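# Observations on chain architecture
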Amino acid sequence: MARIIAVVNQKGGVGKTTTTVNLSAALHDAGKRVLLCDFDPQANATSGMGVDKNTASPNVYDVLINGAEPQRAVQNTKYGDVLPSNKALAGAGIEMIGIPDRENLLKKALGALSDQYDYIFIDCPPSLELLTVNALCAADSLLVPVQCEYYALEGLSDLLATVRLVKRGLNPRLALEGVLLTMFDSRTNLSLQVAEEVKRHFPGQVYATVIPRNVRLSEAPSHGKPITAYDPYSRGCEAYTALAQEMIAIHGKG
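I will try to describe carefully the structure that is included in this document. Just so you know, these numbers come straight off a predicted model, no measurement behind them. (Residues numbered from 1 in each chain as written. Predicted model: local features only at pLDDT ≥ 70, side-chain atom pairs only at ≥ 80, totals over all residues. Heavy atoms only, no water.)

### Here's the deal with a nonpolar patch on the surface
- Together, Tyr 150, Tyr 151 and Leu 190 line one region of the surface with nonpolar side chains, adding up to about 350 Å² of accessible area.
- Residue placement: Leu 190 occurs in helix H9 (residues 189-201). (Patch = residues over 30% accessible without salt bridge, like charges linked within 9 Å, V, L, I, M, F, W, Y side chains within 5 Å. Areas by Shrake-Rupley, 256 points an atom, 1.4 Å probe, with all protein chains shown as cover. Salt bridge = Lys/Arg side-chain N within 4 Å of Asp/Glu carboxyl O. Helix = DSSP H or I, 4+ residues; strand = E, 2+ residues; numbered from the N terminus.)

### What about the pairing of strand E5 (residues 119-123)?
- Counting buried residues along E5, 5 of its 5 residues qualify, which places the element largely inside the surrounding structure.
- Of the two faces of E5, the one lined by Tyr 119, Phe 121 and Asp 123 and the one lined by Ile 120 and Ile 122 are each fully buried.
- When strand E1 (residues 3-7) meets E5, the two strands line up parallel, connected through 5 bridges. When the bridges of E5 are listed, Ala 6 appears paired with Ile 122. (Buried < 20%, exposed > 50% of the residue type's maximum accessible area, 1.4 Å probe, protein only. Pairing = 2+ DSSP bridges.)

### Some points on the environment of Ala 68
- Mapped onto the elements of the fold, Ala 68 is located in the loop between helix H3 (60-65) and helix H4 (70-73).
- Separated by 59 residues in sequence, Ala 68 and Asn 9 have C-alpha atoms that sit 28 Å apart.
- For Ala 68, the contacting residues outside a window of four places in its chain are Pro 58, Asp 62 and Val 63. (Contact = heavy atoms within 4.5 Å.)

### Focus: the layout of surface pockets
- Roughly 390 Å³ of internal volume is contained in the largest pocket.
- Around the largest pocket sit 23 residues that line it, and Gly 15, Thr 18, Met 183, Leu 217 and Ser 218 are the ones nearest its centre.
- The dominant element in the lining of the largest pocket, judged by the number of residues it contributes, is helix H1 (residues 16-29), at 5 residues.
- Among the residues forming the lining of the largest pocket, the class breakdown is 11 nonpolar, 9 polar and 3 charged. (1 Å grid on protein atoms, 1.4 Å probe; cavity = no way out; pocket = protein on both sides within 12 Å on 5 of 7 lines; lining within 4 Å. Points joined across faces, edges and corners; volume = space filled by probe spheres on them. Nonpolar A, V, L, I, M, F, W, Y, C, P; charged D, E, K, R; others polar.)

Okay, here's the thing in structure tokens:
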């Protein structure tokens, strides 16, 4: 059975999709069976793994709303498998309202795929509405990227309040996988201060691996490749490879 991890932060621009794509690819390179579920209507994780978001069909929207078989929607890539998204997912939150047990639609879909993988990552939209609730109901744990910039912790209290509600009423097993510091610049006092503040707020739950601010990480998505394929010698690739090894060590799936 896969460990299902939702990568979530309702704040945009924190490195959520970058982390989902590159951690998935790094674990795939380490020999793990990985599925990336793109659950963001922008579908950037889909294109970041080299899948055309405009032609990928069926996709996660078809699985949730139109009853498509989850296995038929999975696309195989050189970097791991992808359950693709597209812009149709933007309206899914409204369409789900009339569906019985609507909070568990994604859980049912991923449950049909779980025994084929070691890890399933869900790239969540930057909001706390029904799509994200679906992701939290489907997940065993959540990974929270936090950028090393001013207001880094802003909005995290809202996220944690939502997580508490989901745990209480819908998914009691949901745990915090870890907090990941992203866009870290060791030359600035601000990055160092934010890192200390995050560690104070989440004692023992912050990954030792820190993701640096790195131009190559920013360039890779426009080439439809994760950093492991775009520039395997970059600092960004080294960081995500280290994060993958840290995660393998934590879960004993070496």
